[in-house]
Amino acid sequence: MFQEYDVIVVGAGHAGCEAAAAAANLGSKTLLITMNLQTIAQMSCNPAMGGIAKGQIVREIDALGGYSGIISDESMIQFRMLNQSKGPAMWSPRTQNDRMLFSQKWREALESTSNLYFYQDTVREIILSGNKVRGVKTGLGHEIKSRAVVLTNGTFLNGIIHIGEKKFGGGRVAEKASEGITEQLRSIGFESDRLKTGTPPRVDGRSLDYSKMEEQKGDEKIVGFSYMNTKKPEKQKSCWITYTSTEVHDILKTGFDRSPMYTGRIEGVGPRYCPSIEDKVNRFAERERHQLFVEPEGWNTIEIYVNGFSTSLPEEVQYEALKKVPGFENVHFFRPGYAIEYDYFPPTQLKNTLETRVVDGLYFAGQINGTTGYEEAACQGLVAGINAHLNIKQEAPFILKRSEAYIGVLIDDLITKGTKEPYRMFTSRAEFRTLLRQDNADLRLTEKSYRIGLASQERMEKVIRKNKEVQEVKEVLKNTSIEPNEINPFLEKHNSAEITEKQKVEKILLRPGIELEDIIADIDKVSLQLDGYDEEIIEQASIQVKYQTYISKEQDLVGRMKQMEELKIPQSFDYQLIKALSAEAKDKLHRLKPETLGQASRISGISPSDVQILMIYMGR
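What comes next concerns the included structure.

Rules used throughout
Residues numbered from 1 in each chain as written. Predicted model: local features only at pLDDT ≥ 70, side-chain atom pairs only at ≥ 80, totals over all residues. Heavy atoms only, no water. Core = buried A, V, L, I, M, F, W, Y, C linked by side-chain atoms within 4.5 Å. Buried < 20%, exposed > 50% of the residue type's maximum accessible area, 1.4 Å probe, protein only. Contact = heavy atoms within 4.5 Å. Salt bridge = Lys/Arg side-chain N within 4 Å of Asp/Glu carboxyl O. Helix = DSSP H or I, 4+ residues; strand = E, 2+ residues; numbered from the N terminus. Axes fitted to C-alpha atoms, helices over the stretch in contact; angles between N-to-C directions. Parallel < 35°, antiparallel > 145°, perpendicular 65-115°, else oblique. Left-handed = near helix turned anticlockwise from the far one by under 90°. Nonpolar A, V, L, I, M, F, W, Y, C, P; charged D, E, K, R; others polar. Pairing = 2+ DSSP bridges. Polar contact = N/O pair within 3.5 Å; in protein donor to acceptor, adjacent residues only side chain to side chain. Right-handed = clockwise from strand over helix to strand, strands pointing away.

Among the nonpolar cores identified, the biggest contains 92 residues, and Ile8, Trp106, Val136, Val149, Leu151, Phe364 and Ile407 are the most heavily contacted of them. Apart from the residues lying within four places of it in its own chain, the contact partners of Phe364 are Leu151, Leu185, Phe190, Phe345, Leu350, Leu354, Thr356 and Asn369. Ile514, Ile520, Leu528 and Leu530 belong to the second largest nonpolar core, which has 24 residues in total.

Turning our attention to the pattern of salt bridges. According to the stated counting rule, one finds 40 salt bridges in the structure shown. Here Glu341 and Arg194 are joined by a salt bridge, their closest N and O atoms 3.8 Å apart. Placement of Glu341 in strand β19 (residues 338-344) and of Arg194 in strand β12 (residues 193-199) is noted, with a sequence separation of 147 residues between them. A relative accessible area of 2% places Glu341 in the buried class. When the shortest N-O distance is used, the salt bridge between Lys562 and Glu566 registers 3.9 Å.

If you want to describe how two helices pack, look at the angle between their axes and the distance between the axes. Helix α9 (residues 374-392) packs onto helix α2 (residues 54-63) with a crossing angle of 30° between their chain directions and a minimal axis gap of 9 Å. Our classification of the angle between α2 and α9 gives roughly parallel. Of the two possible hands of crossing, α2 and α9 adopt the one that is left-handed. Contacts between α2 and α9 involve Lys54, Ile57, Val58 and Ile61 on the former and, on the latter, Glu375, Glu376, Ala378, Cys379 and Leu382. Here the residues of the contact of α2 with α9 sort into six nonpolar, no polar and three charged.

This part takes up the sheet that holds β19. The four strands are arranged β11-β10-β19-β12 in an open sheet whose pairing can be described as antiparallel. Of all strands in the sheet, those with a lone pairing partner are β11 (166-169) and β12, marking the two edges. Each adjacent strand pair in this sheet contributes to an overall mean axis angle of 25°, direction not counted. Examined bridge by bridge, strand β10 (residues 160-163) and β19 share three bridges and lie antiparallel to one another. Bridge assignment links His162 to a residue of β19, and that residue is Ala339.

Where burial is concerned, most of strand β4 (residues 76-82) is hidden: six out of the seven residues are buried. Of the pairings in the sheet, the one linking β4 to strand β5 (residues 92-97) comprises six bridges and is antiparallel in character. Residue pairing across strands places Met76 opposite Asn97, the latter belonging to β5.

All right, on to unusual backbone geometry then. Of note in this structure, Ala41 is not a glycine but carries a positive phi near 55°. Tracing the sequence through the fold places Ala41 in the loop between β2 (30-34) and β3 (48-50). Although it is not a glycine, Asn83 adopts a positive phi angle of roughly 65°. Tracing the backbone shows Asn83 in the loop between β4 and β5. For Asn83, a relative accessible area of 22% gives the class partly exposed.

For the rest of this paragraph, the subject is the packing of α2 against helix α10 (residues 406-417). For the pair α2 and α10, the least separation of the axes is 9 Å and the interaxial angle reads 110°. If you check the angle between α2 and α10, you find them roughly perpendicular. Contacts between α2 and α10 involve Gln56, Ile57, Glu60 and Ile61 on the former and, on the latter, Tyr406, Ile407 and Leu410. Of the residues assigned to the contact of α2 with α10, the class counts are five nonpolar, one polar and one charged.

Attention shifts here to the sheet that holds β4. Each strand in a sheet pairs with its neighbour through backbone hydrogen bonds, running either in the same direction (parallel) or in the opposite one (antiparallel). Strand order in the open sheet formed by three strands is β3-β5-β4, and the pairing between neighbours is antiparallel. The open sheet terminates on both sides in strands that have one partner only, identified here as β3 and β4. Here the strands of the sheet are splayed against their neighbours by 15° on average, with no regard to which way each runs. Pairing of β3 with β5 involves three bridges; the strand directions are antiparallel. Counterpart to Ala48 in the pairing with β5 is Gln96.

For Asn158, the position within the fold is in the loop between β9 (143-151) and β10. Within polar-contact distance, the side chain of Asn158 engages the side chain of Glu183 at 3.0 Å. For Asn158, the side chain forms a polar contact with the side chain of Asp343, separated by 2.6 Å. If we ignore the near neighbours within four places in the chain, the residues touching Asn158 are Ala177, Ser178, Glu179, Thr182, Glu183, Arg194, Glu341, Tyr342 and Asp343.

With respect to burial, strand β1 (residues 5-10) is a largely interior element, six of its six residues being buried. Relative to β9, β1 runs parallel, the two sharing five bridges. Each bridged residue has a counterpart across the sheet, and for Val7 the counterpart in β9 is Ala148. The pairing of β1 with β2 spans four bridges and is parallel. Paired with Ile8 across the strands is Leu31, a residue of β2. Tracing the backbone out of β1, into helix α1 (residues 14-26) and back to the parallel element β2 gives a crossover that is right-handed.

Quick look at the structure:
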């Protein structure tokens, strides 16, 4: 009944879908096993993709040939570029999506992928031969052989759902938990722990009074995520903003004695950066109100997601409190909010390929590694799927450095520092964020993916063409002079000092508050010799010229750190031999087994003197 596969991917959430697509597109015969084929790529929490730093990750996935960017564009109901008042390193794309269409588009994409097969069942056990993976055993008792396994179990491993004083097993509401895998992995030496996450109530949009809320429209210019020419919507749906109040908070407090978090029934730690409403009321007691985003679930549904009101309080407390929110006076619940706690495996047990150190050929991706968020999960799935294939083919692993991608920052943070709470990405976590912008992910990453056979020829040609045209525009800006009478009216309008003699456009562009698109809008494109170049090319050239000093500084820093990043440490290295190292350093280096000196330097508790001692000992 079952053939042998190259790669088996367990779980069809965002991580599992990207992992399966990557392995199959690279040529591995891949089986995707999921408990329910009707919930592939389910948006379990909010119906949105991207946001601060997360938008950069989605663009990186797209640049590498993953599917998340394309599918987000095809299912979007609203687009916004966040942080546009700041520099381009902070710009972050975000889409509001049609939940059902997103899942449908993912299934269509996967079903049209060669080498990819599907099976609906649970997985209870990993088949091992010594310390090598050999396949999986399913809930129905089938043994399916493979050469690599990628676990993307999400919140399903021994998942428990909490609503007030009620609790029951489940990985999502109305879906059963997965059992057996945690127990097996712990028995062979893995460490596991518990985390929690939550979700807000879903409500009937017909019962809301939007006249009492602030409308939040999408951007007029829809950029999207994908660097390919995806179809964008001709219209957009609005979201809405409203606020809690001290009256709402007082009602919420009446249920704290029945909250599973406060009564201690939930063991796991929740996400600090996406706290429940009861957490916010408790931790920020001085605040009189908290913002709520009222988000439509799709084009053709009345269901609304109440972003910012994540909770596990009793249903009646949720309901009574939400009724006091402006616009929610007559609210009708589709379902209450709930919390879920689940098993995860501290990611310090992984290599930078996301392969486990304990079992060869076994990869972890997504919430099993202690992360939260669709985007974080998807990029891990992509990297795990790529490396599972490369490992089977005995080819060099695919590893992104911190200086190359937000994905590289995320994986390095996880395997080096671990996480005691659900990890999410922020721009502040990336020390090279001027290099890692959302606008240049294709220039940074597509060639790397093309070389291993994942990014298509079409993508590569598009990047080559983009790079060529950007350089052409930069040459125009460098060599074109502009007369005072041409530019002075523009400069006066933008409160910038007028010029008395002609200057190069490049020099004028370096002024604060002056943007190339504004110059073009004011002065004829033809006279600037920029006719025929599209907006993306002009924007990219403008950013590279305007921020060249900052970009160069970061590139110099990357160059100085390169020696440490490339100095490999053998996995068998015995740190006990180095008497000058502190006891803490010896313990952490032995336990975490950093693969490079650069990675060793980022381990919490490893001092600069410990790094110098290592360098000296290793002959550097």
